[in-house]
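A structural walkthrough
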Amino acid sequence: MKKIVLILALAALSAVSCTSGKDDAKPGRKVGEVYVTAQSGAKTVLVSLEGLWRVVPQENWMSTDVNGREGEGAFTVYYGSNESDFVQTNATRRGAIVLRSLKTMVSDTLYIIQQGTPDGTEYASAPQDSYVEFVDTPLTRVEALYANIQGCTDIQEVSGMVNASSAQLFFLIWEDELAAAFEAEHADDWASLVRNGGLLIVNKSGLPAGASLSGAFPASLSQEIDGICWQVADFDEDATALPQLMSLLEGGFNRPGAGAKWVIGGSFYYYSVMEAGYPQTPSWYPSNPDDDAFLADIYAQTNNLTDCIWMSQRGYNPSYTSGDRSWRADYVYASNQVWNAAVDVRLTDAPLSGVAHKAVRLTIKY
């Protein structure tokens, strides 16, 4: 009797094992990649499958409104914020959503790519499978170039750079007379061109541009373009930096009613407190965070401005050489809302002959 019971038990286990193997989901394929910005949000996905299907997020920063449907249907995936600031730096992340057909037991995967701190790669949605559809809402992509081009005397060379560049916005620092001649020659060539002394803002994008605002100490020029205030400034290298920065922010970013979306850049000639202490940082560079040489940079940060170059590049990033010293004299700061729309930030070689400064290229999507 015991032998018969044992045989029946083994047979039952075998049957369960076979049934379990039959019901196990089979691996499928990638059915698409959806790119989303760093801000929290939601995306609706349409699914067309025969029979019942299930949807299962694999990451704790994603959730769905339903766990599945039958036949043609839709689900909404909700994703949390991946925004970064000076204290919290979040990398671009990739999360999986498993789509499982209960008829075929095939499990396919849809990926959500959420933007984080720029890492040198510009991400985008990838083609999707025929049974999965999502509305890939077009984002506005703006590429801006901040460049101190003092030392270049060829107006045609500058014109060629603007026309040939993939950038749509240019924030240029130049000698006054050359900038004036450039403005006279190209006043009607692009969507807009504004000038204050040797400062120029060139808009090739066609995005709506508002009135410009000029400042004298330090020399500055700002313009709102599609809801973002862009500002370029040229500090006096021989004067104390902190009063110049305070004046710049009080006349723009910090003035009442100024709005929350700002990009502020140019040649400021002070030292970055964040670039001290790296192996490649030269011995002459101040090493004490309390050094007065860092007061202007610290002031910018305490005013909730993010140093786009350091946040994306880290390390020691010289952009200018004077005498036997090279350091980063050029900055691009962004307010939180703009910084978290950044998808690429990089220093580039001097764009024109005779120029001593590297340029800064900032690309945002919003």
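This structure is a prediction, so every number in the text was calculated from the model and none was measured. (Residues numbered from 1 in each chain as written. Predicted model: local features only at pLDDT ≥ 70, side-chain atom pairs only at ≥ 80, totals over all residues. Heavy atoms only, no water.)

Defined simply, a disulfide is a covalent bond joining two cysteines at their sulfur atoms. For the structure on display, the rule yields 0 disulfides. Left without a disulfide partner, C229 is nearest to the cysteine sulfur of C308, which lies 15 Å away. (Disulfide = S-S within 2.5 Å.)

Further remarks concern empty space enclosed by the protein. If you walk through the whole model with that rule in mind, you get 2 cavities of 30 Å³ or more. By volume, the largest cavity amounts to about 60 Å³. Looking at the largest cavity, the residues that line it are Y146, A147, N148, F171, I173, G266, S267, D330, Y331, K358 and V360. Secondary structure elements with two or more residues in the lining of the largest cavity: β8 (141–148), β9 (169–173), β15 (262–267) and β19 (330–335). Looking at side-chain class alone, the lining of the largest cavity contains 6 nonpolar, 3 polar and 2 charged residues. The calculated volume of the second largest cavity comes to roughly 40 Å³. Considering the residues around the second largest cavity, the lining is formed by A38, S84, G116, T117, P118, W339, N340 and A342. Its residues assigned to classes, the lining of the second largest cavity comprises 4 nonpolar, 4 polar and no charged. (1 Å grid on protein atoms, 1.4 Å probe; cavity = no way out; pocket = protein on both sides within 12 Å on 5 of 7 lines; lining within 4 Å. Points joined across faces, edges and corners; volume = space filled by probe spheres on them. Helix = DSSP H or I, 4+ residues; strand = E, 2+ residues; numbered from the N terminus. Nonpolar A, V, L, I, M, F, W, Y, C, P; charged D, E, K, R; others polar.)

This next bit is on the pattern of salt bridges. Scanning the entire structure with this criterion turns up 14 salt bridges. Here E122 and K365 are joined by a salt bridge, their closest N and O atoms 3.5 Å apart. Separated by 243 residues along the polypeptide, E122 in the loop between β6 (106–114) and β7 (132–134) and K365 in strand β21 (residues 359–365) bring together distant segments of the chain. On the basis of relative accessible area, K365 is assigned to the buried category, the value being 12%. Across the pair E183 and R195 runs a salt bridge whose closest N-O atoms are separated by 2.7 Å. Residue E183 is found in helix α3 (residues 176–186), and its partner R195 is found in strand β10 (residues 192–196); the two are separated by 12 residues along the sequence. Given a relative accessible area of 24%, E183 falls into the partly exposed group. When its relative accessible area of 30% is taken as the criterion, R195 is described as partly exposed. Linked by salt bridges that have partners in common, E122, R141, E143, D344, R346, R361 and K365 make up one network. (Salt bridge = Lys/Arg side-chain N within 4 Å of Asp/Glu carboxyl O. Buried < 20%, exposed > 50% of the residue type's maximum accessible area, 1.4 Å probe, protein only.)

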